[in-house]
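Fold and contact review
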Amino acid sequence: LASLDADQALSRMDQGATLLDVRPAEEFAAAHLAGSIWIGLDGRFAGWAGTLLDLEAPIVIVGGEDLAREAALRLARVGLDQVTGFLGDVDGAMAAHPALVRSLRRLEPAEAAGVLGGEDAPLVVDVRTKTEHEDVRLDGALSLPLAGLRGLIGEIPADRSLVLHCKSGYRSLAAISLLLHEGLAPDSMVDVLGGIDRWS
């Protein structure tokens, strides 16, 4: 597994590779490289990678060597063997390319509820499955399941800010990273920490 520096990783992304960030959720939310997709190793990692990533594109894993080796192994088990290297010095890469650093807003449910109760309230987007949404949901939430989100982006109003949630916070963060990758503005999206479980 080749260790890449920032310029090498970014060059591969410019050539069509996917930057797959596998660091802990709080690290990705605090700071990450623009265009990267987050899928955490502590969830159904390989399954979501197979669902969300471009299966034809090379993959550059973002994270330390141990994380990268685990990720590459788990990807290979489901046939995603196009990993071309990893970017281990993430802090150094962001220091070298500050214009490419992005961060995400994540709110506790009480904070999110306050945002939703104000003027020009954001649209709530529920990325759980349709069944989960039907069982329990927030009033007015738009159901856009993560598994098909790439094909549903056209259903998201361009003039609304968004509050995304899932069950526990894993899928919603992956969803936000995917939407950012597809060109949505970072300041228009907020993630609910702990999802609807903590909200309840």
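Overview of the overall build of the protein
Of the regular secondary structure elements, the protein holds 9 helices and 11 strands. Taken over C-alpha atoms, the radius of gyration comes to 17 Å for the protein, in line with the 16 Å a tight globule of 200 residues would show. Principal-axis analysis of the C-alpha atoms gives the protein an extent of 50 × 35 × 30 Å. The proportion of buried residues among the 200 residues of the protein is 48%. Long-range contacts, defined as pairs at least 24 residues apart, comprise 69% of the intrachain contacts of the protein with a sequence gap of at least 6.

With respect to the packing of aromatic side chains
Each aromatic ring pair is summarised here by two numbers: the centre-to-centre distance and the angle between the ring planes. Counted by the stated rule, this structure contains 2 aromatic pairs. Look at Phe-28 and Trp-38: their rings are 6.4 Å apart centre to centre, the planes differ by 35°, and that puts the pair in the tilted class. A residue pair is termed long-range when its members are at least 10 positions apart, and Phe-28 in helix α2 (residues 25-30) and Trp-38 in strand β3 (residues 37-38) qualify at 10 residues. Considered together, Phe-28 and Trp-38 belong to a single accessibility category, that of buried residues. Following the ring pairs from residue to residue traces out a cluster consisting of Phe-28, Trp-38 and Tyr-170. Above the ring of Trp-48, the side-chain terminus of Arg-44 is found at 4.7 Å from the ring centroid.

Overview of the pairing of strand β11 (residues 189-192)
Across the two faces of β11 the burial is the same, with Met-189 and Asp-191 and Val-190 and Val-192 all buried. With 3 bridges joining them, strand β7 (residues 105-107) and β11 adopt parallel strand pairing. Bridge pairing in β11 links Leu-107 to Val-192. Pairing between strand β10 (residues 162-165) and β11: 3 bridges, direction parallel.

Focus: the sheet that holds β3
Read across the sheet, 4 strands follow the order β3-β1-β4-β5 without closing on themselves; strand pairing throughout is parallel. Looking along the sheet, the strands with just one partner apiece sit at the ends: β3 and β5 (83-87).

Reading the values: the criteria
Residues numbered from 1 in each chain as written. Predicted model: local features only at pLDDT ≥ 70, side-chain atom pairs only at ≥ 80, totals over all residues. Heavy atoms only, no water. Helix = DSSP H or I, 4+ residues; strand = E, 2+ residues; numbered from the N terminus. Rg over C-alpha atoms; globule rule 2.2 N^0.38 Å. Buried < 20%, exposed > 50% of the residue type's maximum accessible area, 1.4 Å probe, protein only. Contact = heavy atoms within 4.5 Å. Phe/Tyr/Trp six-rings, centres within 6.5 Å; stacked < 30°, edge-to-face > 60°. Lys NZ or Arg CZ within 6 Å of the ring centre and 35° of its normal. Pairing = 2+ DSSP bridges.

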